[in-house]
Amino acid sequence: MLNQSFRQSQEQSLRPLTTAHLAQTMSLLLLSRQELKQKVESEISTNPALEVVDMNKCPSCSRPLIGNTPCSVCRRNGDNVDDTPIIFISSRSDFVGSSSNSQSADDISPDEITPAREDLHSYVLRQAAPDLETQDIPIAAHILSSLDDDGLLSVPIVEIAQYHHVPISRIEKVNELIKRCEPVGVGSTSPLEALLVQTDVLSETNYVPPLASRAITEGMELLSRHSYTELGRLLSISTDDALEIARFISENLNPYPARSHWGNIRDGRASKQDYQSPDVIISILNHPKQNLVVEIISPYTGRLRINQLFRDAIREAPSENAEKWQADLEKASLLIKCLQQRNNTLVRLMHLLVEIQHDFILQGDIHLVPITRASLADKLNVHESTISRAVSGKMLQLPNKSLIPMSKLFDRSLRIRAEMINIILEEIKPLNDSQIADILNERGFSIARRTVAKYRAIEGILASRMRRSMHSSNPE
DNA sequence: CTATGGCACGGATT
DNA sequence: AATCCGTGCCATAG
């Protein structure tokens, strides 16, 4: 059912109606998630015709909702609230790119599409549900809907306890359970707590350096300052061991569960772009056949729609403001259409991309197939600039949790660079640039010697002379 | 003398 | 129209 409405909206939005529409769609497409969030928020606050319905709260009584089921308290009016929305923009919109051989966006068979639009809340709830007492489920739902963007609990536990009139310990019990769900650490009250939970859970299946949790509780300060010697002293271990712990933490843990992995930390510098959140998330669907799920992240949760009351008010009680209101109404509806189209374009684009770059996404740089924005534009029957805008500035999260700029999928030379790295890694005796160039040419990549040098520079690889026998430096 | 890095130019891409 | 990228030529470091 969602598929159908989705497809309908796709077709109907294919032809822009006005130039204004077109222009706005274009500009929206350019915006990344955060920018769009600002834009939408400002629009909402200035335009009374727009309203946002939080999907995680019951529309009428604003109690936390569980998944898609209507609020149990006021189910009767809960339902008819739903029949008037102009548009439904989910916080994520999902679909599946099949692994190999579905050719065009149009012939995906229905069962390959994940039917539910699932956001973090329901995702986690589904995991937790089997372990929960039935009467605890509302509590879990409440906790989940109180998460902030980072997946941390933004409301004091006491408050939740009061709301439900149950002892704090019970809330904590539920929360313990939630924290152990994927992404591990959700629902923690602080980044620190999230780290601890993750360490704990990880230690059940993997090797965790001893004292890691103590390092977190007691040495967080030192960790963030990268004073490993001091950390070592604090825990009375060697600096090397302290370093190992630090590396373990930065590689395996994430203080903000809902965010992606905090980037490649090279030499301890975790700052800069790392705290960006992705615009699109690609993950692997576990149980069925390893399909890739693409989720376009919307900057806000809930439905954005025309305020029905506002519309009625205009119709029934015309006043001297009617003109202005009418204009607002039109602006609102335009915005919604444009947002819809933005989303739609992204979805279509990602679908194609995931198909083409399937191997790259799963197996890394070497499998990137070189494509140009233009070629995609051709396949999607849109203008190149549309693709350009859609790609620029967007971040993508891969199944392995790494965050990459979307433009990486269009990197012409990445493929060859990866190959080059392999060559350099494999060789025992350092090769000079022209030798590398020769090997690459033999393998079918015709590039010049000078270019090898350039690539080396990009990858931060030293000149052949300088790299006698050093390793363990550049995983990227 | 050889291997590299710098500068700059032309073609492709956006 | 602006930008990016591969490449050639040349100066320089080793």
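Summarised in this report is the structure supplied together with it. Here the structure is a predicted model, which is why all the values come from computation and not from measurement.

With that settled, consider the side chain of His358. Considering the arrangement of structural elements, one finds His358 in helix 15 (residues 358-363). The exposure class of His358 is buried, given its relative accessible area of 10%. In this structure the side chain of His358 is engaged in a polar contact, spanning 3.3 Å, whose partner is the side chain of Asp359.

Topologically, Thr199 is positioned in helix 9 (residues 191-205). Taking the relative accessible area as the measure of exposure, Thr199 reaches 5% and is therefore buried. Each residue touching Thr199, except ones within four places of it in the same chain, is listed here: Val208, Ala212, Ser213, Ile216, Phe248 and Leu253.

Inspection of the region around DNA strand B gives 15 residues, with Arg373, Ser388, Arg450, Arg456 and Ser464 positioned closest. Among atoms of DNA strand B positioned within 4 Å of the protein, sugar and phosphate together represent 58%. One of the side-chain N or O atoms of Arg373 is found 2.8 Å from a phosphate oxygen in DNA strand B. In this structure, a sugar or linking oxygen belonging to DNA strand B sits 2.8 Å away from a side-chain N or O atom of Ser388. Contributions of two or more residues to the surface near DNA strand B are made by helix 16 (373-380), helix 17 (384-391) and helix 20 (449-459). Ranked by residues supplied to the surface near DNA strand B, first place goes to helix 20 with 4 residues.

Take the nonpolar core next. Leu349, Met350, Leu353 and Leu396 are the most contacted members of the largest nonpolar core, which totals 28 residues. Mapped onto this core, the elements with two or more residues apiece are strand 3 (280-284), helix 14 (322-356), helix 15, helix 16 and helix 17. Counting residues per element, this core draws most heavily on helix 14, which supplies 7 residues. Excluding anything up to four places from it in sequence, Leu353 contacts His358, Ile371, Leu376, Met406, Leu409 and Phe410. Grouped together as the second largest cluster of nonpolar side chains are 20 residues, Leu125, Ile157, Ala161 and Ile178 included.

Cut-offs applied
- Residues numbered from 1 in each chain as written.
- Chains lettered and ligands numbered in written order.
- Predicted model: local features only at pLDDT ≥ 70, side-chain atom pairs only at ≥ 80, totals over all residues.
- Heavy atoms only, no water.
- Helix = DSSP H or I, 4+ residues; strand = E, 2+ residues; numbered from the N terminus.
- Buried < 20%, exposed > 50% of the residue type's maximum accessible area, 1.4 Å probe, protein only.
- Polar contact = N/O pair within 3.5 Å; in protein donor to acceptor, adjacent residues only side chain to side chain.
- Contact = heavy atoms within 4.5 Å.
- Near = heavy atom within 4 Å.
- Core = buried A, V, L, I, M, F, W, Y, C linked by side-chain atoms within 4.5 Å.

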